[in-house]
Amino acid sequence: MDYKLVQKTKVLVTDDLPKTILSILKETQYKKPLIVMDSFLKEVAIVKRLQVKLTENNIQFSIYDKVVSDPPTTVVDEGAEFFKAQDCDSLIAIGGGSAIDVARGINIVRINGGKISEYVTASNEIKDCPGLIAVPTTSGTGSELSNALIVTDTENQTKLAVLANNAVSEFAVLNPELVMTLPKGMTIATGLDAFSHAAEGYTSTLASPVTDAICEKIMYLLVKYLPKVIEDGQDREARERVMVAATLGGWMLNNAGTHAGHSVAHVIGSKYHMPHGMACAYALPGVLQFIAPVRSKKVKEIGLILGAEYPADPTDTEIGRITAIQYREFRDKVLGMKPFTDFNISEDELLTNIESVVNERFAGNTPKQIDQEGAMMLLKNFG
């Protein structure tokens, strides 16, 4: 059956993270979770409160705090070995996409064996992987509901994607307190990553009427509430709305996928060490123009959500151009994202990545075939 919407993860929104995690452990009867995070988060007050709460309730736990940005495959494989050595039975991932991706990878390897790189292709079966409790600390990647994880092959400087419907989180716990102090730059980049998930999913070859409705709402929420968060990071309602939008964006990754924007972002981000959300945001204007001839109605709808105005009976080219301009206005003027020129990457240098973009894993979801000429156009419009 060609199901159009699947959601297995149990989602909770809470104001008391320690109490909620404890309730989940009691319900599932998990006895010894492995907490996966970066070394910084270990010292954050709410995470310390969680550890105290677990200890007070006689819940043993271990901590794996080796997570880094663009995590290499070795961090996942070593984490799986540590999981087994500590005799753990579940995982609590606390952090952004990197932490949740690492924890999902550990869960895959500890149940299925081998190394995480062996699951990049669909040839190796991934059995059902229960036991992952995802607690996001950013509002962007949607990893808490996504079926994907991204790790880095450090030898080849490439990002590897593992897609596993059987390895989605068992629980996703959304606690706005964790994002209240998120720095402005990271708030912008992660929020625009979520917007890209919705915009690309909306225009993907995998889109359906059901996912379209959700993607439209995600974009609406981000356009309405992301500027409020940038203006006042302590606006709890706005933080929660953006967090929910990002989580729904992760859900759409499973059901509608991404395409050209993420293809370009994965290639450029890994090669030039650019934050993923920023790379997606720099890629999207070119993508909107590239696909406008075959998705004009949806590209125009994205523009309308952003507040664009169109002439009567616009051409497809005009729709793509106007929507791209309006998105850049939102990204650069309303939110104030760092300009691409700050990275000092020339157009000639960008164009050395044409072949990599053409062959990137998610390029096939693009509604218009990406050949070398198409990849050149996308890279020339990057920024």
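Our subject in this report is the structure included herewith. (Residues numbered from 1 in each chain as written. Predicted model: local features only at pLDDT ≥ 70, side-chain atom pairs only at ≥ 80, totals over all residues. Heavy atoms only, no water.)

### Points about the side chain of Asn-353
Moving on, step 1. As for its position among the elements, Asn-353 is in the loop between helix H12 (347–350) and helix H13 (354–358).
Moving on, step 2. Engagement of the side chain of Asn-353 in a polar contact is seen with the backbone oxygen of Glu-349, the distance being 3.4 Å.
Moving on, step 3. Ignoring anything within four residues of it in the chain, the contact list for Asn-353 reads Val-267, Ile-268, Lys-271, Tyr-272 and Leu-379. (Helix = DSSP H or I, 4+ residues; strand = E, 2+ residues; numbered from the N terminus. Polar contact = N/O pair within 3.5 Å; in protein donor to acceptor, adjacent residues only side chain to side chain. Contact = heavy atoms within 4.5 Å.)

### Thoughts on the sheet that holds strand S5 (residues 132–136)
Moving on, step 1. If you trace the six strands from one edge of the open sheet to the other, you get S1-S8-S5-S4-S2-S3, paired in parallel fashion. Edge positions in the sheet fall to strand S1 (10–13) and strand S3 (62–64), since each of these pairs with one other strand and no more. Looking at each pair of strands side by side, their axes are set apart by 20° on average, direction ignored.
Moving on, step 2. Where helix H3 (residues 73–85) meets the sheet, it contacts strand S2 (33–36), S3 and strand S4 (90–95), and its direction lies at approximately 170° from that of S3.
Moving on, step 3. Here helix H4 (residues 97–112) sits on the sheet in contact with S2, S3, S4 and S5, set at roughly 165° to S4. (Pairing = 2+ DSSP bridges. Axes fitted to C-alpha atoms, helices over the stretch in contact; angles between N-to-C directions.)

### Re the environment of Ser-139
Moving on, step 1. Secondary-structure assignment places Ser-139 in the loop between S5 and strand S6 (148–153).
Moving on, step 2. Residue Ser-139 is classed as buried on the basis of its relative accessible area, which comes to 6%.
Moving on, step 3. Sequence separation between Ser-139 and Thr-74 is 65 residues; the distance between their C-alpha atoms is 26 Å.
Moving on, step 4. For Ser-139, the contacting residues outside a window of four places in its chain are Val-179, Leu-182, Thr-190, Gly-191, Val-242, Met-243 and Ala-246. (Buried < 20%, exposed > 50% of the residue type's maximum accessible area, 1.4 Å probe, protein only.)

### Details of the nonpolar core
Within soluble globular proteins, side chains that are nonpolar tend to cluster in buried spots.
Moving on, step 1. Ranked by size, the top nonpolar core spans 71 residues in total, and within it Phe-195, Ile-268, Met-274 and Phe-382 carry the most contacts.
Moving on, step 2. Ignoring anything within four residues of it in the chain, the contact list for Phe-195 reads Met-219, Leu-222, Val-223, Leu-284, Ile-302, Leu-306 and Tyr-327. (Core = buried A, V, L, I, M, F, W, Y, C linked by side-chain atoms within 4.5 Å.)

### With respect to the packing of aromatic side chains
Moving on, step 1. Throughout the structure, instances matching the rule amount to eight aromatic pairs.
Moving on, step 2. Seen from the ring of Phe-343, Lys-338 lies directly overhead, with NZ or CZ sitting 4.4 Å from the centre.
Moving on, step 3. A cation over an aromatic ring shows up here: Lys-368 above the ring of Phe-290, its NZ or CZ 4.6 Å from the ring centre. (Phe/Tyr/Trp six-rings, centres within 6.5 Å; stacked < 30°, edge-to-face > 60°. Lys NZ or Arg CZ within 6 Å of the ring centre and 35° of its normal.)

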